[in-house]
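A closer look at the structure
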Amino acid sequence: MSVERQRHRSPDTAAAACARRMVTALSEALRSGGPTTLALSGGSTPLLLFDALARIEFDWSGVHLFQVDERAVPPSDAQSNYREIAERFIAPARFPQKNVHRIMAELEPAKAAARYEAEIREFFAIKAPELPHFDIVHLGIGADAHTASLFPGEALIEERERLVASVHVPKLGQDRITLLAGPLLAARSVVFLIAGREKANAVFNTLYGPDDHRRFPAQLIARRGRRVICYMDDDAGFDIKWEGVHAAP
C-alpha cells in the first residue's frame, strides 16, 4: 500500500492543503493537453474543500466537473450535493456552467444512473467495459468506512464494468446515485479529505485494518487506487502513529 498521508491541525487547514494540491495537479493535467477532469463528493467535510477551492485564483475554463455521488433529490433540495457544490464552489469560483456534468437526481434513481453513465462514456469517448480516467477524484470516508455512496455490505462494491449505479442505503432510508469502484480505481489520482474524531476508527481500519472491503469499502480505493493521497485533521488521525510523517501547521 502506498498512500501518501498528511496530518493537519484542523479541518480548515487540511481542506486548504488538499485544495492547493488539487489545483496543482489540475494545472499539470491542463499542460499535458486534452480534457481535464475533476470529480467531487458530497457531505459535510467537503464544504470546507469547496470554500478553499473557490478562494484560489485559478482559470477553471479548461476543467470539467463531475459528481462522485448524489442523493436522489432535485438540485433545489437542501440535501442535494449538487446544490452545495454550486453554492460553495461553482458560483463563487465562477466555474463555467457548460463544463459541469451533474447527476440528474430529480429523475428516478435508475434512470439518473443510466443517464449519468451515458454522459461519462460520451465525454470520454469510451464504450463498455472501458473505464474513464478522471484526473482527480475527491472522496471522503464515513464513520462506517463508506466512501462515495458505497456503504458496508453493498454488493455493487464488487462491480467493475458499470460506471454508475443507483443504491439504496437502508440505515438512512435513502436512495443515492454513485460512481462505482471501476472509475474510482481507474482515476489518475484520488484525494481523500477526512475530519473529525468520529472518523478515526474508520480511517484506521481503512489504512491498517484487516483486508475486508465489503466491511470497510474505503479500503478498496485507498489500498488499490493508482495514486492515493489522504488529508486528515488530528482528530481523524487520532488512532494512527505518525512517526516520520509530515505534520503541517
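Predicted, not measured: the structure shown is a model, and the values here were computed from it.

Looking at the packing of helix 2 (residues 46–55) against helix 3 (residues 81–93)
- Contact geometry of helix 2 with helix 3 gives a least axis separation of 8 Å together with a crossing angle of 10°. Judged by the angle between their axes, helix 2 and helix 3 are roughly parallel. Together, Leu47, Phe50, Asp51, Leu53 and Ala54 of helix 2 and Glu84, Ile85, Arg88, Phe89, Pro92 and Ala93 of helix 3 make up the contact between the two elements.
- Class assignment for the residues of the contact of helix 2 with helix 3 results in 8 nonpolar, no polar and 3 charged.

Thoughts on the pairing of strand 6 (residues 136–139)
- Burial of strand 6 is two-sided: the residues Ile136 and His138 facing one way and the residues Val137 and Leu139 facing the other way are all buried.
- Of the pairings in the sheet, the one linking strand 2 (residues 36–40) to strand 6 comprises 2 bridges and is parallel in character. Along strand 6, the bridge assignment pairs Ala39 with Val137.
- With 3 bridges connecting them, strand 6 and strand 9 (residues 190–194) associate as parallel partners. The residue of strand 9 that forms the bridge with Leu139 is Phe192.

Some words on the packing of helix 1 (residues 11–31) against helix 2
- Relative orientation of the contacting elements helix 1 and helix 2 amounts to 55°, with a least axis distance of 8 Å. Here helix 1 lies oblique to helix 2, going by the angle between them. The hand of the helix 1/helix 2 crossing is right-handed. For the pair helix 1 and helix 2, contact is made by Pro11, Asp12, Ala15, Ala16, Cys18, Ala19, Met22 and Val23 and by Leu48, Leu49, Ala52 and Leu53, respectively.
- Class assignment for the residues of the contact of helix 1 with helix 2 results in 11 nonpolar, no polar and 1 charged.

Overview of the packing of aromatic side chains
- Applying the stated criterion across every chain, the model contains 10 aromatic pairs.
- Judged by centre distance (5.8 Å) and plane angle (45°), the ring pair of Trp60 and Phe95 falls under tilted. With Trp60 in the loop between helix 2 and strand 3 (63–67) and Phe95 in the loop between helix 3 and strand 5 (100–101), this residue pair connects regions lying 35 residues apart in the sequence.
- We classify Phe95 as buried; its relative accessible area is 4%.
- Aromatic pair Phe124 and Phe134: ring centres 5.2 Å apart, planes at 80°, arrangement edge-to-face. Remark: Phe134 occurs in the loop between helix 4 (109–124) and strand 6 and Phe124 occurs in helix 4; sequence separation between them is 10 residues.
- Among the aromatic residues, those joined into a ring-pair cluster are Phe58, Trp60, Phe89 and Phe95.
- Over the ring of Tyr82 we find Arg102, and its NZ or CZ is 5.6 Å from the ring centre.

Quick word on the sheet that holds strand 4 (residues 69–71)
- The 3 strands lie next to each other as 4-8-7, forming an open sheet whose pairing is antiparallel. Only two strands of the sheet have a single neighbouring strand rather than two, namely strand 4 and strand 7 (164–169). This sheet shows a mean twist of 20° between the axes of neighbouring strands, independent of strand direction.
- Here strand 4 runs beside strand 8 (residues 174–179); their pairing, made up of 3 bridges, is antiparallel. Directly across from Asp69, in strand 8, lies its bridge partner Thr178.
- Packed on one face of the sheet, helix 4 meets strand 7 and strand 8 and runs near 150° to strand 7.

Criteria and thresholds
Residues numbered from 1 in each chain as written. Predicted model: local features only at pLDDT ≥ 70, side-chain atom pairs only at ≥ 80, totals over all residues. Heavy atoms only, no water. Axes fitted to C-alpha atoms, helices over the stretch in contact; angles between N-to-C directions. Helix = DSSP H or I, 4+ residues; strand = E, 2+ residues; numbered from the N terminus. Parallel < 35°, antiparallel > 145°, perpendicular 65-115°, else oblique. Contact = heavy atoms within 4.5 Å. Nonpolar A, V, L, I, M, F, W, Y, C, P; charged D, E, K, R; others polar. Buried < 20%, exposed > 50% of the residue type's maximum accessible area, 1.4 Å probe, protein only. Pairing = 2+ DSSP bridges. Left-handed = near helix turned anticlockwise from the far one by under 90°. Phe/Tyr/Trp six-rings, centres within 6.5 Å; stacked < 30°, edge-to-face > 60°. Lys NZ or Arg CZ within 6 Å of the ring centre and 35° of its normal.

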